[in-house]
Amino acid sequence: TEMLDFVEKGYWMALPYRLVKDLPHLRLSPLGVIPQRERRPRLIVDYTFNGVNEETVKMMPNEAMQLGRALERVLYSIHHANPHFGPVYVSKTDLADGFYRLPLTSSGIPNLGVILPRFPNEEQLVAFPLVLPMGWVESPPAFCAATETVADLANHLPPSHTLPLHP
């Protein structure tokens, strides 16, 4: 059900195996499910199964992953803000399915294929992510780097710049 939802949202595409079996660099990894407390279980791909994570060239900056001590970092930034610019305003945005907001390049997609469970009398399907997938080693630092970049750009807008009201 979750994979169907992702396909309908344009995050993944599902194709018959017979159409993609000869793609260069095709790798198929198994799906897994991560239980979540007080939330729906989440699909994740086991990219360690056939070495995708181990063989991925790490290009994303790990230092962008500022996980933990968030309150300490926010309070420090507020305390050290330049009073010349007036009061500090804080915005916290929680992106639903945040990884699924960053597209992949088409050349890497066949490496991140997923074999879907096969139903009796049905053709074998393979799913390909069009966006950062859960389970790939580069997804967390890429997502963090993107959100840090957006924050940097927003924080460096000239004071005279006005944004349109959100609908």
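Anyway, here's the lowdown on the structure attached to this text. (Residues numbered from 1 in each chain as written. Predicted model: local features only at pLDDT ≥ 70, side-chain atom pairs only at ≥ 80, totals over all residues. Heavy atoms only, no water.)

## Section: the overall build of the chain
As a reminder of what qualifies: Only runs of H or I of at least four residues qualify as helices and only runs of E of at least two qualify as strands under DSSP, and these elements are numbered from the N terminus. Using C-alpha atoms as the atom set, the radius of gyration is obtained and then compared with a globule rule of 2.2 Å times the number of residues to the power 0.38. Relative accessibility under 20% of the residue-type maximum defines a buried residue, over 50% an exposed one, and the middle range a partly exposed one, all with a 1.4 Å probe and only protein chains included. Residues count as neighbours in contact if any of their non-hydrogen atoms are within 4.5 Å of one another. Residue-level accessible areas treat just the shown protein chains as cover; the underlying method is Shrake-Rupley with a 1.4 Å probe. In this charge count, Lys and Arg are treated as positive and Asp and Glu as negative; neither His nor the chain ends contribute. Where a charge lies is defined by one atom per residue type, namely NZ (Lys), CZ (Arg), CG (Asp) and CD (Glu).
Of the regular secondary structure elements, the chain holds five helices and six strands. Seen in sequence order, the chain has helices and strands lined up from the N terminus as α-β-α-β-β-β-α-α-β-β-α. Taken over C-alpha atoms, the radius of gyration comes to 20 Å for the chain, far larger than the 15 Å a tight globule of 167 residues would show. Once the C-alpha set of the chain is aligned to its principal axes, its extents read approximately 70 × 35 × 35 Å. Of all 167 residues assigned to the chain, the portion counted as buried reaches 26%. Within the chain, contacts between residues separated by at least 24 positions form 69% of all contacts whose residues are at least 6 apart in sequence. Accessible area for the chain stands at about 12200 Å²; split by element, carbon and sulfur atoms hold 61% of it. If the 14 positive side-chain charges of the chain are averaged to one point and the 17 negative ones to another, these points end up 3 Å apart.

## Side note on the packing of aromatic side chains
Quick note on the threshold: Ring geometry is summarised as follows: Phe, Tyr and Trp rings, the Trp one being its six-membered ring, pair when their centres sit within 6.5 Å, and such pairs are stacked at plane angles under 30 degrees, edge-to-face over 60 and tilted between the two.
Enumeration according to the criterion identifies one aromatic pair in this entry. Consider the rings of Phe-6 and Tyr-11, whose centres lie 5.8 Å apart with planes at 50°: the pair is tilted. Exposure class is identical for Phe-6 and Tyr-11. Each is buried.

## Quick look at the pattern of salt bridges
Put simply, the test is: Think of a salt bridge as a Lys or Arg side-chain nitrogen and an Asp or Glu carboxyl oxygen that are within 4 Å of each other.
What the rule picks out here adds up to five salt bridges. Between Arg-40 and Glu-2 there is a salt bridge, with the nearest N and O atoms lying 2.5 Å from each other. On the criterion of sequence distance, the pair formed by Arg-40 in the loop between strand 3 (31–34) and strand 4 (42–45) and Glu-2 in helix 1 (residues 2–9) is long-range, its members being 38 residues apart. When the shortest N-O distance is used, the salt bridge between Arg-18 and Glu-123 registers 2.3 Å. Here Arg-18 is found in helix 2 (residues 17–20), whereas its partner Glu-123 is found in the loop between strand 5 (113–115) and strand 6 (125–129), with 105 residues between them in sequence. Through salt bridges with shared partners, a single network forms among Glu-2, Arg-40 and Arg-42.

## Here we look at the sheet that holds strand 6
As a reminder, the rule being used: Pairing between strands is defined by DSSP: at least two bridges between them are needed. Axis angles are defined between N-to-C directions and span 0 to 180 degrees, where every axis is a line fitted to C-alpha atoms and, for a helix, only to the segment in contact.
Spatially, the four strands line up as an open sheet ordered 1-6-5-2, and their pairing is mixed. At either margin of the open sheet sits one strand with a lone partner, and together these are strand 1 (12–16) and strand 2 (28–29). Against the sheet, helix 1 contacts strand 1 and strand 6, and its axis sits at roughly 105° relative to strand 1.

## So, helix 5 (residues 139–155)
We count it as follows: Multiplying 1.5 Å by the helix residue count minus one yields the expected span of that helix.
Along its 17 residues, helix 5 runs 24 Å from first to last C-alpha, staying within 8% of the 24 Å computed at 1.5 Å per residue. What helix 5 keeps buried is the set Ser-139, Pro-141, Ala-142, Phe-143, Cys-144 and Ala-145.

## Concerning unusual backbone geometry
The backbone phi angle of His-25 is positive, close to 65°, even though this residue is not glycine. Taking the relative accessible area as the measure of exposure, His-25 reaches 59% and is therefore exposed. Within the chain, Asn-121 stands out as a residue other than glycine whose phi angle is a positive 65°.

## Observations concerning the environment of Leu-112
Structurally, Leu-112 can be placed in the loop between helix 4 (70–79) and strand 5. Accessibility expressed as a relative area gives 3% for Leu-112, which makes it buried.

## Quick notes on the environment of Leu-130
Along the chain, Leu-130 falls in the loop between strand 6 and helix 5. When its relative accessible area of 26% is taken as the criterion, Leu-130 is described as partly exposed. In sequence terms Leu-130 and Tyr-11 are 119 residues apart; their C-alpha atoms lie 5.3 Å from each other. Setting aside anything within four residues of it in sequence, one finds Leu-130 in contact with Gly-10, Tyr-11, Trp-12, Met-13, Pro-103, Leu-104 and Ile-109.

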